[in-house]
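Chain by chain, the residues:
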Amino acid sequence: MVSVLRVHLPSEIPIVGCELTPYVVLKRLDGSASTEDVNEASPVDGCFLRYRWYRIQSDKKVQVCSIHPTEQATLQCLGCVKAKIPISKSYHCSPKCFSDAWQHHRALHDRATSAVNENGTEEEELFGRFNSSGSGALNSGPSGSTSNVAQSPSMNNGTTTPSYPAIITERSGGETWFEVARTKTYTPTADDIGHVLKFECVPVDVETRIPVGSSFPYFTSRVIPAPSPSPRRLIPVGDVMSNLDSDGRAASSGTFTVLSYNILSDVYATNELYSYCPSWALSWPYRRQNLLREIVGYHADILCLQEVQSDHFEEFFAPELDKHGYQALYKKKTAEVYNGSPYAIDGCATFFRRDRFSHVKKYEVEFNKAAQSLTEAVIPTAQKKNALNRLLKDNIALIVVLEAKFSNQGADAPGKRQLLCVANTHINVHHDLKDVKLWQVHTLLKGLEKIAVSADIPMLVCGDFNSVPGSSPHALLAMGKVDPMHSELAVDPLGILRPASKLTHQLPLVSAYSSFVRMAPDQHRRRMDPTTNEPLFTNCTRDFIGTLDYIFYTADSLMVDSLLELLDEDSLRKDTALPSPEWSSDHIALLAGFRCMPRSRR
């Protein structure tokens, strides 16, 4: 007979929409332990495991804080209720929580007020008036402003204590247990919010179907709603303003959008490195669903993702994005990273909408192979080992040639194919290997030049370049050359950057987000660095904040049509680093809309 030794979940806190798959450790007749799934179709020692999930629901409704979803709410902003802002955003766990979040929270009110006033409704009608018999009181809000804040009859104001016990050992009066699933895996729904879940597994005799061991219950913390960040909008820029449809996609047939996003591989998302992020928000079951919601919500025609683990690509992103109409291409790095259990490899994944593009050709760039060729050709024999140790860093690039299923060429080129070349890369991260970073970028650009010579084709170069604005790789991309006096050229122990005059390329590349500096409204220009014409940051952790990610385009064949608005301190909430419950990577997504220029104008 088998028996259950232990049950646990990767995260103690269940989140709506995120799968819960317990780890179940069994003891077999021979005394060995096993974690395999023992179902009725494949019994072990004559037994299989029967699974049940229950929701323990009391008569008392429990609300959770919109800022700290693992805390019980004690305050509700009635202004949100009157303004028909999603009810989940109206709850706060304490006055301090409400005060600290006020600047961000007030933006919700302002947007709602603007929307209502545009429809001719007075602000007083939106927020209402409360008399002494009402359920709320008009209190003085933070910064001298006013807001309607109600204290729930079942909530105590003041200091709060965590309301999510890890284990509940007794049933109290008024509780009802609802069975919600008979599977090992369960995905919490909105009905589960604020309630504890119980998982039970018991060995059952395969012949008699009678339990042969005691039930092993496991109680979760209360289910919390998935935190939802404020949506980021596409901002029209440039001389040609595209019309965006109701989903935020470019409505014009001649335009398309491209997303570049380092999604933070699970193998690197450790509690040690990101100790400020709650463990439940750092867990892969949560992050993958949050990332998918975010990525799908951008409605981009082309997706360039970095740090995509090979198993996550095959088991999650490729099949899930296929449901949304995307075809996938993938290139993994050339070495494995040991993460404590299985080997995991991350790489670059490029997706494109099948209704807008078709796949023509794929090129894979392995910088290790280029390094070996370089070492054989120019490095003296005595230095080859040291050279390879420095150059072999396993980074790659994925280059895809697509054919558009739309045309913007006009009558001068009827029936002419509209091709597009998209490069997706992740350059080496090590800060002290500036020569390797520059060499990798130069190698990629030389490869793209060969493609450009063979065809009249617009190009996009996207990715995480691990290089800040003003660095030598950024200068090479943006300016087409590197100043021979650039300080980073002094770091060249292998002599692979000499002479500096060879560090050039002929592609007319421009950073897409530089359009914000020239043409965007002031509120968006403030999120740009005027000295570099790049965003103030695309990577934001406790140890670093700066720009590492870019979307470059060939300015002789493409025009920037729109850009995804950048995050600012208000969007991130002050003193919050990434990843966070709202944003599941330490990078932010970049997205640009483009218009192919007719050949007559090139």
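Preceding this section is the structure that the text describes.
Since we're looking at a predicted model, the values are computed, not measured.

### Focus on the overall build of the protein chain
Here comes step 1: Secondary structure assignment for the protein chain yields 14 helices and 30 strands.
Here comes step 2: Within the protein chain, buried positions represent 53% of all 602 residues.
Here comes step 3: Taking the intrachain contacts of the protein chain between residues at least 6 apart in sequence as the baseline, contacts between residues at least 24 apart amount to 73%.
Here comes step 4: Element-wise, carbon and sulfur atoms account for 50% of the exposed surface of the protein chain, whose accessible area totals about 27300 Å².

### As for the pattern of salt bridges
Here comes step 1: For the structure on display, the rule yields 25 salt bridges.
Here comes step 2: Ionic pairing is found between Arg-356 and Asp-301, a salt bridge with its closest N-O pair at 3.3 Å. On the criterion of sequence distance, the pair formed by Arg-356 in the loop between β18 (346-353) and β19 (357-366) and Asp-301 in the loop between α6 (284-297) and β14 (302-309) is long-range, its members being 55 residues apart.
Here comes step 3: The class for Arg-356 is buried, based on a relative accessible area of 10%.
Here comes step 4: Judged by its relative accessible area of 3%, Asp-301 falls in the buried class.
Here comes step 5: Among the ionic pairs, Lys-362 bridges to Glu-364, the shortest N-O distance being 3.1 Å.
Here comes step 6: Of the residues examined, Lys-362 reaches a relative accessible area of 31% and is grouped as partly exposed.
Here comes step 7: When salt bridges that share partners are traced, they join Lys-331, Lys-362, Glu-364, Glu-366 and Lys-369 into one network.

### Some details on the packing of aromatic side chains
Here comes step 1: Using the criterion set out here, one finds 22 aromatic pairs in the structure.
Here comes step 2: Ring centres 6.2 Å apart and planes at 90° place the aromatic pair Tyr-274 and Tyr-276 in the edge-to-face group.
Here comes step 3: The class for Tyr-274 is buried, based on a relative accessible area of 5%.
Here comes step 4: Assessed through its relative accessible area of 19%, Tyr-276 is described here as buried.
Here comes step 5: One aromatic cluster is present, built from ring pairs that chain together Phe-256, Phe-357, Phe-406, Tyr-553 and Phe-594.

### Some details on the pairing of strand β10 (residues 196-205)
Here comes step 1: Counted residue by residue, β10 has 9 buried out of 10 residues, so it is predominantly covered.
Here comes step 2: Bridging between strand β4 (residues 47-57) and β10 involves 10 bridges; their strand directions are antiparallel. By the bridge assignment, Cys-47 is partnered in β10 with Asp-205.
Here comes step 3: Summarising the sheet, β10 and strand β11 (residues 216-222) pair through 5 bridges and their orientation is antiparallel. Paired with Cys-201 across the strands is Phe-216, a residue of β11.

### Notes on the environment of Val-206
Here comes step 1: The topology assignment puts Val-206 in the loop between β10 and β11.
Here comes step 2: Classification of Val-206 by relative accessible area gives partly exposed; the value is 23%.
Here comes step 3: Not counting chain neighbours up to four residues away, the residues in contact with Val-206 comprise Pro-43, Gly-46, Cys-47 and Phe-48.

### Topic: the packing of helix α8 (residues 367-378) against helix α9 (residues 384-391)
Here comes step 1: Across the interface, α8 lies against α9 with an axial gap of 10 Å and an inter-helix angle of 155°. In terms of their interaxial angle, α8 and α9 are classed as roughly antiparallel. Where α8 crosses over α9, the two elements pack in a sense that is right-handed. Of the residues in α9, those in contact with Asn-368, Ala-371, Gln-372, Leu-374, Thr-375 and Glu-376 of α8 are Lys-384, Ala-387, Leu-388 and Leu-391.
Here comes step 2: Within the contact of α8 with α9, the residues separate by chemical class into 5 nonpolar, 3 polar and 2 charged.

### Digging into the sheet that holds strand β1 (residues 3-8)
Here comes step 1: One open sheet accounts for 3 strands, arranged β1-β2-β3; its pairing is antiparallel. Since the sheet does not close on itself, it has two edges, and those belong to β1 and β3 (33-34), each with one partner.
Here comes step 2: With 2 bridges joining them, strand β2 (residues 23-27) and β3 adopt antiparallel strand pairing. Each bridged residue has a counterpart across the sheet, and for Lys-27 the counterpart in β3 is Ala-33.

### Points about the sheet that holds strand β22 (residues 459-464)
Here comes step 1: Strand order in the open sheet made by the 6 strands is β19-β20-β21-β22-β28-β23, with mixed pairing throughout. Both edges of this open sheet fall to β19 and β23 (509-511), since each of them pairs with a single strand only. Pairs of neighbouring strands in the sheet enclose a mean axial angle of 20°, with direction left out of account.
Here comes step 2: As paired elements, strand β21 (residues 419-426) and β22 share 6 bridges and run parallel to each other. Residue pairing across strands places Asn-424 opposite Cys-462, the latter belonging to β22.
Here comes step 3: Across the face of the sheet, α8 comes into contact with β19, β20 (396-404) and β21 while running at roughly 45° to β19.

### Notes on the side chain of Glu-488
Here comes step 1: Within the secondary structure, Glu-488 sits in the loop between α11 (472-479) and β23.
Here comes step 2: The side chain of Glu-488 is buried and forms no salt bridge, while Lys-434, the nearest opposite charge, is found at 5.2 Å.
Here comes step 3: A distance of 2.6 Å separates a polar atom in the side chain of Glu-488 from a polar atom in the side chain of Ser-472.
Here comes step 4: Beyond its immediate sequence surroundings of up to four residues, Glu-488 is in contact with Lys-434, Ser-471, Ser-472 and Pro-473.

### Considering the nonpolar core
Here comes step 1: Grouped together as the largest cluster of nonpolar side chains are 67 residues, with contacts concentrated most on Phe-256, Leu-259, Ile-302, Phe-351, Phe-357, Leu-460 and Phe-594.
Here comes step 2: When near neighbours in sequence (up to four residues on either side) are disregarded, Phe-357 contacts Phe-256, Asp-301, Ile-302, Phe-352, Leu-402, Glu-403, Ala-404, Lys-405, Phe-406 and Leu-420.
Here comes step 3: Counting residues in each nonpolar core, the second largest holds 40 residues, with Leu-419, Ala-423, Val-436 and Leu-497 among its members.

### A closer look at the side chain of Asp-301
Here comes step 1: One polar contact links the side chain of Asp-301 to the main-chain amide nitrogen of Thr-257, over a distance of 2.9 Å.
Here comes step 2: Within the local environment of Asp-301, its side chain forms a polar contact with the side chain of Arg-356, the two groups lying 3.3 Å apart.

### Some details on the packing of α8 against helix α10 (residues 434-454)
When two helices pack together, their arrangement is given by the angle between their axes and by how far apart the axes lie.
Here comes step 1: Running from amino to carboxyl end, α8 crosses α10 at an angle of 100°, the nearest separation of the two axes being 11 Å. With respect to α10, the element α8 is oriented roughly perpendicular. Along the contact surface, α8 presents Phe-367, Ala-370, Ala-371 and Leu-374, while α10 presents Trp-439, Gln-440, Thr-443 and Leu-444.
Here comes step 2: Taken together, the residues of the contact of α8 with α10 break down into 6 nonpolar, 2 polar and no charged.

Conventions and cut-offs
- Residues numbered from 1 in each chain as written.
- Predicted model: local features only at pLDDT ≥ 70, side-chain atom pairs only at ≥ 80, totals over all residues.
- Heavy atoms only, no water.
- Helix = DSSP H or I, 4+ residues; strand = E, 2+ residues; numbered from the N terminus.
- Buried < 20%, exposed > 50% of the residue type's maximum accessible area, 1.4 Å probe, protein only.
- Contact = heavy atoms within 4.5 Å.
- Areas by Shrake-Rupley, 256 points an atom, 1.4 Å probe, with all protein chains shown as cover.
- Salt bridge = Lys/Arg side-chain N within 4 Å of Asp/Glu carboxyl O.
- Phe/Tyr/Trp six-rings, centres within 6.5 Å; stacked < 30°, edge-to-face > 60°.
- Pairing = 2+ DSSP bridges.
- Axes fitted to C-alpha atoms, helices over the stretch in contact; angles between N-to-C directions.
- Parallel < 35°, antiparallel > 145°, perpendicular 65-115°, else oblique.
- Left-handed = near helix turned anticlockwise from the far one by under 90°.
- Nonpolar A, V, L, I, M, F, W, Y, C, P; charged D, E, K, R; others polar.
- Lys, Arg positive; Asp, Glu negative; His and termini not counted.
- Polar contact = N/O pair within 3.5 Å; in protein donor to acceptor, adjacent residues only side chain to side chain.
- Core = buried A, V, L, I, M, F, W, Y, C linked by side-chain atoms within 4.5 Å.

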